[in-house]
Structure formats: C-alpha cells, structure tokens
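Single-letter residue listing:
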Amino acid sequence: MRYRHNINSEISMTYIVTKKKLTLVAALGVTIGIAIYIFMNSMMVGFDKKSSELVFRSTAHIRVYKDEAMSLPLLPAKGNNVPVIINPSVVPESDKIVDPEKIITLLRQQPDVTLVTPQVTASVFYNNGKSQISGSSYGVRIAEADKMFNIAATVVEGSIQDLKNTPNGILLGVGVAAKMSVRPGDNISITSSRNVTKVMKVVGLFQSNNSQIDKTKSYINISAAQQLLQEGPDYVSDINISVVNPENAPDYSATFSDLTGYKAEDWKAANATLVAAANMRRIMITVIALSILLVAGFGIYNILNMTISQKINDIAILKAMGFRGRDVVRIFVQQAMIIGMIGILIGVLLAALLVFQLSRTYVGGDIGYFPIRFEWSVFFRGLVFGLIVTLGAGYIPARKAANVDPVSIFRR
Amino acid sequence: MQRELMLEAEKIGKYFYDPIKFRVLNDISFKVYRGEFVTLVGKSGSGKSTLLYILSTMDTDYEGKLNIHGQVTTGQKQNTLAALRNEKIGFVFQFHYLLPEFSCLKNVMIPALRLGKYSRQEIEARAYQKLTLLGLQDQALKPASKLSGGQQQRVAIARALINDPLIIMGDEPTGNLDSKNSQIVFDTFKQLAHEYNQTIIAVTHDNDFAERSDRTIEMQDGVIVSTAKEFGK
C-alpha cells in the first residue's frame, strides 16, 4: 500500500515561513489590489443606483405617447410618374391617445409590469398679479404617480394627500413658488396654451435635484389638466409604465409599441446621454480596478520568480530525487495561493471597512450619504478575480521552475 | 559466480551543440553488477560527468540504450523516470544540495515522503537509522545549513540511502571535502557496497579514491579506455 504524504505543501509552507517578510509584502500588494477593486466596484454600484434613482424621479421606465407624424409626398416617384412633393411638416393631429382606459388595462395585464398610470401634460403660464412665468403642469393620479416617481420624498411643504383631497389643488416646484411669492394656502392662476385660465390652490411645494425643474414644474390632478386643455375625461397624453427590472426596459418598449399602436419610449432611449455617461463610468472603473488587481498579481509573480531563482538548486535536487514536474508546479502554485489567500482575506476585510465607513459619510446636497453600497456579488467577484490573478501569477513562474533541467544546474 | 546485473549501457553516444556540434560520448558500453563500487575517472572534458547524468536518467538526450535493473529507461516519459529515480537511485553531489531551510532529519525524509512506501512514523525512524549509520544522530534536528561541509555530505548520503535504492550515484562526492572527511565518505561507500550489497557508481578525479574502489572505468575524449582497471589487485 502507498501512503500519500503531502510533502509538496510541506515544502511550500516552509518557503513561506522562512520568508515571512517577502510573503507579507506580496500579500499586502494583493490586499491593496483587492480592497481597491471591491471598493471601486461598490462605489460604481452605489453611483448607478443613485443616478437611476434620480432619473426615475422624473422619468418613467417606459412612456407611451402619440408621436408626431410627418406628412408624406402626395404622389411618390413610381415608374414614369412625376412625383408631387410638398415640404414635410408635422401633421396637425391631436396628440390624444384613443381609448386610454382600454390600453391601460391591456398594459396592466402584461407580465413584469408593476405600475401603469395616465398623465396629461399641459404647457402653462403661472400668473400671480403682474408676474408671469411659463412652465408645465403635469396632470396625474397623484397616488399612482407617487408610487412611480416617489414624489412624496421631494415634498418640502404640505403633502401629496392634500393634492388628492383638493380638486383644484396644485403642487408647485419651490422655484416657481419663490418667483410667484406664494406659499401653501395661497391661490395662483394658471393659463394654458388653449387660453383657459384656472385659479388653483397651492397645497404644497416640492424640491427636486434640478433647479430648472423646480422653476417650471407643477403637479395637478388629471381632471384639472383635462379642463385646462378643454378636453374630455378620456383625454390622456402619456401613459407611464413601471416594470420589474428597469435595466430591461428597452426589451419591453418595442413590444408595447406594437401592442398599443403608439410610441413606447424607454428611459434609456429618453436619457441616452445619461446612460452613455454611466457606461463610460463603468468602463473606466472596471479598467482601473482590474489594472490595480493585475499590478498586485505582478507583485506575486515577482516574488515567486525571485524565490524560484534563489531555490533553483533545491528544485534541481528535488527533480533528481524523483519529484515530477507537476510536483514542482504544485509547490510554487501553492505558495502563490497561500500568499494570495492571506492578501485576499485582509483585502476583503479592508474593503468592507472602507465601504462601511464611507456609506456613513454625509456629503450633503441632494446626494445625502456617500452613494456606496454593500453588494455581496461585488465582494464575491473580487474574491474570484483575486484567486484567478493569484493562480496566474503563480502558475507562470511555477511552470518555468518545473521545466528546470537539473543537469544544467549540477554542471555549473 | 552468477552476479545480478544492475545497469547496462549499450553504445551510448551524445552530442553537444553549443558552440558547435561536438560528439562528447562515443559508443559507450559497459555493465555494472550488484554490490560493485565502481568509479568513473578521466581528465576534465573526457565526458565522465556527462555519462553519469545519462546513467542517472536525468539527461534523456542521447543515442544508444540504457537498461537499469532489467528495465529499459531509454525513451521513457519524464514522470516514469522521476518515479524510477525516486525509488531506485540515490544521488550524492559535489555540492551537498541539501534544502537549507529544513532540518537534517527532514532532508533525509523528503525522498521517502515522496515515495510514500511507509507511514510518517516509520519514515522518521528509518531516517534516524540512516543518520545513525553515518554518525549524525546528534545533528538530526539542526537546520542543514548549520552543519560543516563533511557533515552535510554525510546527510546527503543518508538522504540517498533512505529509499534503499538499487544504485547510488555520486558526482565528485568528495570533491569539496578535506582528506579526513573524504576518508569517511569513502569508508561509508565501501561499507555500503560490501556489507549492504549496494551498488555505487561515482565520478571522481581523485586518483586515491578511484584506486581503492572495486573497479575503475577510465574515459578519455568520449570513449572508454578501460572498463576493468583494478588497482593493486
């Protein structure tokens, strides 16, 4: 019978223990690499989360609306026909969605759809005495709209409940309120593009992250908006949809377009610049984090290479005594893995500490606390990448050591 | 008397390619039997060390055929040869090549741990036994690097013996030792060959050492001049 003595790991452990300083330096390299990798990725997750949170305060995951149609040539060029053309222009049709309740019901039945709510957008002038500013009023079903856009979180005075209870109530942006010098309880008159003027009661103020929005936007009940536009109660200009995973919104928009016959625009298409910026940020952070991890790998590679050139005699004698190439690979890969594991362990702890500390740091403004998040998948990814880099950094020099020709060493 | 054949070289030839193609060994053929203490002698550049490394199976780039204890080793895979070296061949080199971070005892144990024929306790007991044979039982737990040159060479011999190999090969085993330690090493080899029936093949340029061995194979310019030079017998 044969015994399996783990002599390979015994040798690699001895190399580690007798070279504590080198081991520690190499491990520290991995520690910093892993910590930065996890930290930066956590930050990226936090940023992404925060920025989509901000986007979804004013943009629905998917918006269904009637797109403007362009006029076509009266007689297209066909065969020998002389084409009759006119200057293309917007066809003067209503932007009304026909039978919105049916479409809303239909959309609610779709899988992965969590919320569907109609909206009437009206361009208005806010008047108070002599001062007049232009803006837009959003006619909404406030309870549904609040679920979708989390309006309540931005309300600084009054409440959305007041809007629901007051048919001619208006929730004003703080910028509009300041310019009009109105406070909750005051009246304000608004005039629509159809020249309808209504006196509204200010029920509350909201403050978003964007001062331009605060200076122009207001929420009113959907029926009030319909009256402003001289339309009936079945008039709806947009239908806003929330889906389970907003990242997949573009997948649904085409389906919804076909389903409803109207244009369905997902938030990514509506905020292309923002999405591009997020992608750029993602690429940048990934490249930087991976390079740092790679540098840590080079640290292990260097130290292992050094150990191997110092131990070249040991390798030769081990091979002479009957150690196979893969035994030698195992000795040095194991050494690299132990160094890596020590580094990864400390690195993960350090990253956790950093993330924890930063997530409790207040940066102020609309952001509040530093947008960084604990995400298990990020820690796991850091661990896996760390192990892969360590394995690679160990295997390459170990392979070289395994191919040492003992005769050439003995004959020196 | 019918003697057991331990090693047989048939028409072994080898080239060096650097700096120019050059034939270092030319049709080397000889046999070594069990219990023989054979020395390989010759001037510098005669090819004796090159031959030893071919016999050791570490150098596989040669022509001809090599047979160790009835097993043809020519053309075998590296892993097969490693296993063969582990079990059947012990090495003693000019520079002792102990692993300096390990104790003497551990150094002796390593080949046996690789082989895995015995349990760890048995291996340790056997390693003590080999060290005792070489008079080093008191040094067993010291790090190898703390010993004198002669002591280190004796530890290396103990290591070569741990798996009870068929053949012990030495490359200038006394080349780096003073005359007193050389004598000890020589006596050990002689004892191993005659009392324990071990086979020993050693390269040396020490004529005194060669003269007192059982048989000397003399080489010159890559060929064997004589295979049975028996001094004073």
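Heads up: the structure comes first, above all this text.
Draft legend 1. Geometry of the interface of chain B and chain A. The interface of chain B with chain A comprises 34 residues on the first partner and 31 residues on the second. Here chain B packs against chain A, burying approximately 2800 Å² in sum over the two surfaces, 59% of which is carbon and sulfur. The three residues of chain B that bury the most area against chain A are Tyr-97, Glu-101 and Arg-114 of chain B, which together make up 24% of that side's buried surface. Across the contact surface, chain B and chain A share four salt bridges. Seen at the junction of chain B and chain A, the total is seven residue pairs in polar contact (both at pLDDT 80 or more). Going through the elements one at a time, helix 1 (48-55), helix 2 (78-88), strand 6 (89-93), helix 3 (104-115) and helix 4 (120-133) of chain B are the ones with two or more residues in the side of chain B that touches chain A. It is helix 3 of chain B that provides the largest number of residues to the side of chain B that touches chain A, a total of seven residues.

Draft legend 2. Spatial organisation of a nonpolar patch on the surface. Residue and element names in this part refer to chain A. Nonpolar side chains collect at one region of the surface, where Leu-290, Phe-380, Leu-383, Val-384, Phe-385 and Ile-388 lie side by side and expose about 510 Å² of accessible area between them. Considering every element that reaches the nonpolar patch, the biggest residue donor is helix 14 (residues 376-402), with five residues. With respect to the helices and strands, Phe-380 occurs in helix 14.

Draft legend 3. Molecular detail of empty space enclosed by the protein. All names here are of chain B. This structure, assessed with the given rule, holds four cavities of 30 Å³ or more. Looking at the largest cavity, its volume works out to about 90 Å³. Around the largest cavity, the lining is made up of 13 residues, and of these Ile-89, Gly-90, Pro-111, Arg-159 and Ala-160 lie nearest the centre. Of all the secondary structure elements, the ones that give two or more residues to the lining of the largest cavity are helix 2, strand 6 and helix 5 (149-161). Taken together, the residues that form the lining of the largest cavity break down as eight nonpolar, three polar and two charged.

Draft legend 4. Highlighting helix 1 of chain B. By the criterion of burial, helix 1 of chain B is predominantly enclosed, with eight of the eight residues buried. Among the residues of helix 1 of chain B, Lys-48, Ser-49, Thr-50, Leu-51, Leu-52, Tyr-53, Ile-54 and Leu-55 of chain B are the ones counted as buried.

Calculation criteria
Residues numbered from 1 in each chain as written. Chains lettered and ligands numbered in written order. Predicted model: local features only at pLDDT ≥ 70, side-chain atom pairs only at ≥ 80, totals over all residues. Heavy atoms only, no water. Contact = heavy atoms within 4.5 Å. Buried area = accessible area lost by both parts, 1.4 Å probe. Salt bridge = Lys/Arg side-chain N within 4 Å of Asp/Glu carboxyl O. Polar contact = N/O pair within 3.5 Å; in protein donor to acceptor, adjacent residues only side chain to side chain. Helix = DSSP H or I, 4+ residues; strand = E, 2+ residues; numbered from the N terminus. Patch = residues over 30% accessible without salt bridge, like charges linked within 9 Å, V, L, I, M, F, W, Y side chains within 5 Å. Areas by Shrake-Rupley, 256 points an atom, 1.4 Å probe, with all protein chains shown as cover. 1 Å grid on protein atoms, 1.4 Å probe; cavity = no way out; pocket = protein on both sides within 12 Å on 5 of 7 lines; lining within 4 Å. Points joined across faces, edges and corners; volume = space filled by probe spheres on them. Nonpolar A, V, L, I, M, F, W, Y, C, P; charged D, E, K, R; others polar. Buried < 20%, exposed > 50% of the residue type's maximum accessible area, 1.4 Å probe, protein only.

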